[in-house]
Amino acid sequence: MAFRRPAAIIFAAGLVVVAAGTAGLLLTRHSTPAMRPVAAGVGALPAPTGPIVAPPQSAAPRPVAAPVSLTIPLIGVSTKLITLGLASDGSLQVPPITDTAVAGWYTGSPRPGAIGSAIIVGHIDTVHGPAVFYRLNELRKGDQVYVRRADGTLVKFLVTTVQTYLKDQFPTQTVYGPTPDAELRLITCGGTFDPATGHYVSNIVVYATEAS
Amino acid sequence: MRFPRITRTIRRITMLLAATALVLGVPAAAAAHASSATTGTGWIRLAHLSPNTPAVDVYLYSFGNSNAQIVLHHVAYGTVSPYEAVTAGDYSVAMRAAGASASSQPVLSTSVTIEVDHAYTVAGMGPEKGLRLQVMDDDLTTPTGKALVRVIQASLKQQTVKVTCDGKTIVPKASFASVSSYQAISAGTWTMAAVGSGGTATQSVTLAAGTVHTLVVLDGSNGLEILSLEDAAGAGKPPLGGAATGFGGTAPHGPGSPLPWAALIGAGSLLALTGGLRLRRHGLRSQLRARV
């Protein structure tokens, strides 16, 4: 009689542990989905007003003022632009983690509205939630992007294409290389987030050209 | 074998749990894709660089389409249009005397194939009697930290000119209606000079790194002139790779590792099995039944 009770208890305890393990396994199999994107057009801003300056001529390039703010009405982006350089590793500097609500213009690229490809960079998210370019990949061909410059003039761009590139296959020539017209590149992160590195594996690049 | 049912049940539970753990533990493959990057367009610009040819109307036709896509009216000598982005493909460029009917026979025409992300200059070149349309494939890549400069010699009065940058020769002998190759030049503001046998023209030109320039040597009203064109511009010091622009706060999070749970299930199974075997060994069927 002395041996029966422990045996039954061991058997029952074993089943309880199996049940607990199964429950734990099943409860943790679900992925946490990405934050639900806001429907396109929701929270859209009015287009900014001001003199829109015509595209530059090939001859006698007219100097344009430095960019100060960016508005993308469709996805509710309205931000000042900070200036960015290169990080010590040669990569593009990004806005500081303390200021993820702003975008920045790479000062080594042409000014928006001048001939060439102007580079503007912003974060997709913080560690907690969306940042300035969270909805960038909702943009489609023909959508409007406005940049206001230090002299008050406004330059209007139209999106031509939106591309996603793996960071280890980033086409630097296509994105940063010379163009013969006034273009804009809006860059943020996208694709899969790798918790091991703390980085997204892809970049989203919005290409836009100055509206004529 | 007095407890076949209990033993079988335990075995079944264990196997089922093991199978479930295996299936659930298979990680979902994360699919990432790279896409090729283009909008399917290239660029073209049109120029009149024939000194003694009167103004012309320049037409750009998409191949096989009799309606012109672009018409530039009254284009005089020394005019270079801005670049226009057009869908890649085959085109023809036609020149007519200024004001001539669009349906009239062109003075001359040429075909040009526009490739994706390439830029072209189509210019009327040479003397009026030998007027031709020349298609130039314009460079859109620059050596890091440098600018590219080429020279189009369009002066008829000075058949041969030398072009210098701050006194240093960059094109020693440019003959009339020729186009030089691109020269890589350090960034900075330089004095460009076109030196002919009968005169010299100078022009201060700022060359930013990552830019492409064309200098056109023209017959001006008072001797040589230099038309300085900035053809294209990019980042002078291109960043390495993409940008680290996210911290993952909105990213989907994959399920955690199933291993600890599988280990727990395994340990529990072992425990249950031990208890079950011990029960069977001591032959306590009736007591067990009474208890259950």
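You'll find the structure just up there.
This one's a predicted model, so the numbers in the text were calculated from it and none came from an experiment. (Residues numbered from 1 in each chain as written. Chains lettered and ligands numbered in written order. Predicted model: local features only at pLDDT ≥ 70, side-chain atom pairs only at ≥ 80, totals over all residues. Heavy atoms only, no water.)

Visitor: It is not clear to me how the overall build of chain B should be interpreted in this structure. Could you clarify?
Guide: Helix and strand content of chain B: three helices and 18 strands. Relative to its 292 residues, chain B shows a buried fraction of 42%. The contacts in chain B between residues at least 6 apart in sequence include a share of 61% that link residues at least 24 apart. (Helix = DSSP H or I, 4+ residues; strand = E, 2+ residues; numbered from the N terminus. Buried < 20%, exposed > 50% of the residue type's maximum accessible area, 1.4 Å probe, protein only. Contact = heavy atoms within 4.5 Å.)

Visitor: What's the story with the environment of Val 127 of chain A in this structure? I'm lost.
Guide: Tracing the backbone through its elements, the reader meets Val 127 of chain A in the loop between β4 (116-122) and β5 (144-149). As a C-alpha pair, Val 127 of chain A and Gly 198 of chain A span 71 residues in sequence and 9.7 Å in three-dimensional space. Those residues in contact with Val 127 of chain A, other than ones at most four positions away along the chain, are Phe 247 and Gly 249 of chain B.

Visitor: Would you mind showing me how to read the packing of aromatic side chains here?
Guide: Think of a pair of aromatic rings as described by two things: how far the centres are apart, and how the planes are tilted against each other in angle. Within the structure shown, the criterion is met by four aromatic pairs over all chains. Here the aromatic rings of Phe 170 of chain A and Tyr 176 of chain A are separated by 5.7 Å at their centres, their planes lie at 40 degrees, and the arrangement is tilted. Between Phe 193 of chain A and Tyr 200 of chain A, the aromatic rings sit 5.0 Å apart at their centres with planes inclined by 70 degrees, giving edge-to-face as the arrangement. Assigned by exposure class, Phe 193 of chain A and Tyr 200 of chain A land together as buried. Put simply, the rings of Tyr 165, Phe 170 and Tyr 176 of chain A touch in pairs and so form one group of aromatic residues. Positioned above the aromatic ring of Tyr 59 of chain B is the side chain of Arg 96 of chain B, whose terminal nitrogen or guanidinium carbon lies 4.4 Å from the ring centre. (Phe/Tyr/Trp six-rings, centres within 6.5 Å; stacked < 30°, edge-to-face > 60°. Lys NZ or Arg CZ within 6 Å of the ring centre and 35° of its normal.)

Visitor: Just checking my understanding: could you explain the nonpolar core for this structure?
Guide: Here is a general trend for soluble globular proteins: nonpolar side chains tend to be buried in one another's company. Residue and element names in this part refer to chain A. If you look at the biggest cluster of nonpolar residues, it comprises 22 residues, and the most contacted ones within it are Leu 70, Ile 72, Ile 120, Phe 133, Leu 184 and Leu 186. Elements with a minimum of two residues in this core: β1 (67-72), β2 (77-84), β3 (103-106), β4, β5, β6 (154-166), β7 (182-194) and β8 (199-210). No other element matches the three residues that β6 contributes to this core. In this structure Ile 120 touches Leu 70, Leu 81, Ala 103, Gly 104, Trp 105, Pro 112, Phe 133, Val 147, Leu 184, Arg 185, Leu 186 and Ile 187, once residues within four positions along its chain are discounted. (Core = buried A, V, L, I, M, F, W, Y, C linked by side-chain atoms within 4.5 Å.)

Visitor: Could you clarify how one ought to interpret unusual backbone geometry in this entry?
Guide: Residues apart from glycine generally show negative phi values, whereas peptide bonds are mostly found in trans. Positive phi outside glycine occurs at Asp 117 of chain B, with the angle close to 65 degrees. The class of Asp 117 of chain B is partly exposed, set by a relative accessible area of 30%.

Visitor: Would you take a moment to explain the sheet that holds β8 of chain A for this structure?
Guide: Adjacent strands of a sheet form backbone hydrogen bonds with each other and so pair up, either parallel or antiparallel. Residues and elements named next belong to chain A. Taken in spatial order, the eight strands line up as β1-β2-β3-β4-β7-β8-β6-β5 and close into a barrel, and their pairing is mixed. Taken pair by pair, the neighbouring strands of this sheet meet at an average axis angle of 35 degrees, ignoring direction. Summarising the sheet, β6 and β8 pair through nine bridges and their orientation is antiparallel. Bridged to Tyr 165 within β8 is Asn 203. (Pairing = 2+ DSSP bridges. Axes fitted to C-alpha atoms, helices over the stretch in contact; angles between N-to-C directions.)

Purely geometric stuff here, so don't read any function into it on its own.
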